[in-house]
Amino acid sequence: MKEFNDPFHGKKGFFHLSTEALKDRLLFRTDEDFKYGVNSLALLVANSNVSLLCYCLMSNHVHLLLSGTWEECRQFMTRYLWRLSLLVARRDGIREILRADDYYPVAVTSIEQFRREVAYILRNPYKAGIASPISYKWSPVRLYFNPDLSLTRGIPVRSLSDREYRDIFRTRMKLQQDYEFHDGVILERCFVDYTTVMERFVDSRDFFNHLKDFKTESLMEKEQGLSDGLVFSDSELAARALILCRSEFSARRPELLERKDLLTLARTLHRRFGAGIAQLARVLSLPEEFLQQVL
């Protein structure tokens, strides 16, 4: 984490916390991984004094907009990164993929900055070439200025037995009993403070105009000194890699390939889909230095 001075001096404020885009590993590979990421946010909100206003889970990084004291928000992010590290350790056998301070904090000190931060977070899928800001599955964009929100219904958490609860949410930490879930994931309206976000936009038109602003990314990255350089969808490339593994190498997944076949797969993805070295390193779990030598 870069050096950070709390402008709110220990009082409640708004903070945008984001991880750097991983270069040689994916945080989330499947829908089940993303569900775990969303449910982990719900769990931490239910067990902290922090409010979650907005988020976006990308395959190799995350963005959170939190409200609370700096210490509360810092602890929230530390605990969230710990849960994501557990996910990757169980799945890939790699520990400490994210350290406790592997994130960038930005204090949000004005309403206009607040609006830009929300738009920047929600525009991440568009920037990555995955989806429009209003259709991405792993952000709460559907909550804001949605007149049909009250029609969304799920299964109450309180209806689950202890064993069902542990099987679905993979934890003994307790959720609010009035939380509801659908298809194994907690409904966002249960744990995202979307009303605070809406109150800081003039109206729905103002909100959507900010989402459409193509200058958002360059402006925010210039202010924060960040740029993940992501152009293509990691999830889509990983899906293509699986298809090629099965059709050309008779293997179920890239991890089962011998080194020479894995290199051939990397070259094929590079040639057919224009995947860069950093993205190939993430999707195929190969060292960037190795790929630089052979591509």
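Cut-offs applied
- Residues numbered from 1 in each chain as written.
- Predicted model: local features only at pLDDT ≥ 70, side-chain atom pairs only at ≥ 80, totals over all residues.
- Heavy atoms only, no water.
- Helix = DSSP H or I, 4+ residues; strand = E, 2+ residues; numbered from the N terminus.
- Buried < 20%, exposed > 50% of the residue type's maximum accessible area, 1.4 Å probe, protein only.
- Contact = heavy atoms within 4.5 Å.
- Areas by Shrake-Rupley, 256 points an atom, 1.4 Å probe, with all protein chains shown as cover.
- Pairing = 2+ DSSP bridges.
- Phe/Tyr/Trp six-rings, centres within 6.5 Å; stacked < 30°, edge-to-face > 60°.
- Axes fitted to C-alpha atoms, helices over the stretch in contact; angles between N-to-C directions.
- Parallel < 35°, antiparallel > 145°, perpendicular 65-115°, else oblique.
- Left-handed = near helix turned anticlockwise from the far one by under 90°.
- Nonpolar A, V, L, I, M, F, W, Y, C, P; charged D, E, K, R; others polar.
- Expected span 1.5 Å × (residues − 1).

Turning our eyes to something else, we now look at the overall build of the protein. A count of helices and strands for the protein gives twelve helices and seven strands. Every one of the 295 residues in the protein was classed for burial, and the buried ones make up 52%. Intrachain contacts of the protein at a sequence separation of at least 6 include 72% that bridge at least 24 residues. Summed over all atoms, the accessible surface of the protein reaches about 14,600 Å², with 50% contributed by carbon and sulfur.

To continue, consider the pairing of strand β4 (residues 104-108). In terms of burial, β4 is largely enclosed, as four of its five residues are buried. As paired elements, strand β1 (residues 13-18) and β4 share five bridges and run antiparallel to each other. Looking across to β4, one finds that Phe15 is bridged to Ala107.

With that settled, consider the packing of aromatic side chains. Following the criterion strictly, the structure yields 14 aromatic pairs and no others. Residues Tyr55 and Phe191 carry aromatic rings whose centres are separated by 6.4 Å and whose planes lie at 20° to one another, so their mutual orientation is stacked. On the criterion of sequence distance, the pair formed by Tyr55 in strand β2 (residues 51-57) and Phe191 in the loop between β7 (185-186) and α6 (194-199) is long-range, its members being 136 residues apart. Overall, the relative accessible area of 3% leaves Phe191 in the buried class. Centroid distance Phe145 to Phe207: 5.5 Å. Interplanar angle 40°. Geometry classified as tilted.

Running from N to C, helix α3 (residues 111-122) and helix α7 (residues 204-212) cross one another at 60°; their axes reach a closest spacing of 8 Å. Classified by the interaxial angle, the pair formed by α3 and α7 is oblique. The way α3 lies across α7 gives a crossing that is right-handed. Taking contact as the criterion, the partners of Glu112, Arg115, Arg116, Val118, Ala119 and Leu122 in α3 are, on α7, Asp206, Phe207, His210 and Leu211. Along the lines of polarity and charge, the residues of the contact of α3 with α7 split into five nonpolar, one polar and four charged.

Before going further, it helps to examine the environment of Trp70. Counting through the fold element by element, Trp70 comes out in helix α2 (residues 70-92). Separated by 58 residues in sequence, Trp70 and Lys12 have C-alpha atoms that sit 7.3 Å apart.

In this section: the pairing of β2. Most of β2 is tucked away, with six of its seven residues classed as buried. Where β2 meets strand β3 (residues 62-68), six bridges bridge the pair, whose relative direction is antiparallel. Pairing of Leu57 across the sheet is with Val62, part of β3. Counting the residues that bridge the hairpin from β2 to β3 gives four residues.

Judged by pairing direction, the sheet is antiparallel, and its four strands sit side by side in the order β2-β3-β1-β4 without closing on themselves. Edge positions in the open sheet fall to β2 and β4, since each of these has one partner strand only. Each adjacent strand pair in this sheet contributes to an overall mean axis angle of 15°, direction not counted.

What follows is about the sheet that holds strand β5 (residues 155-156). Read across the sheet, three strands follow the order β5-β6-β7 without closing on themselves; strand pairing throughout is antiparallel. Edge positions in the open sheet fall to β5 and β7, since each of these has one partner strand only. As paired strands, strand β6 (residues 180-182) and β7 are joined by two bridges and run antiparallel to one another. Following the sheet pairing, His182 is matched in β7 by Val185.

Let's shift gears to α2. Given 3.6 residues per helical turn, the α-helix brings residues three or four places apart onto the same face. Compared with an ideal rise of 1.5 Å per residue, which puts 23 residues at 33 Å, α2 spans 32 Å between its outermost C-alpha atoms and is within 8% of the ideal. Along α2, the residues that are buried comprise Trp70, Cys73, Phe76, Met77, Tyr80, Leu81, Arg83, Leu84, Ser85, Leu87, Val88 and Ala89. The first or second residue beyond α2 is Gly93, which carries a positive phi of 75°.

What follows is about the packing of helix α1 (residues 31-46) against α2. Describing two packed helices takes the angle between their axes plus the distance from one axis to the other. α2 packs onto α1 with a crossing angle of 150° between their chain directions and a minimal axis gap of 10 Å. Here α1 lies roughly antiparallel to α2, going by the angle between them. Handedness of the crossing formed by α1 with α2: right-handed. Contacts from Asp33, Tyr36, Gly37, Ser40, Leu41, Leu43, Leu44 and Val45 of α1 reach α2 at Phe76, Arg79, Tyr80, Arg83, Leu84, Leu86, Leu87, Arg90 and Arg91. For the contact of α1 with α2, the per-class residue count stands at ten nonpolar, two polar and five charged.

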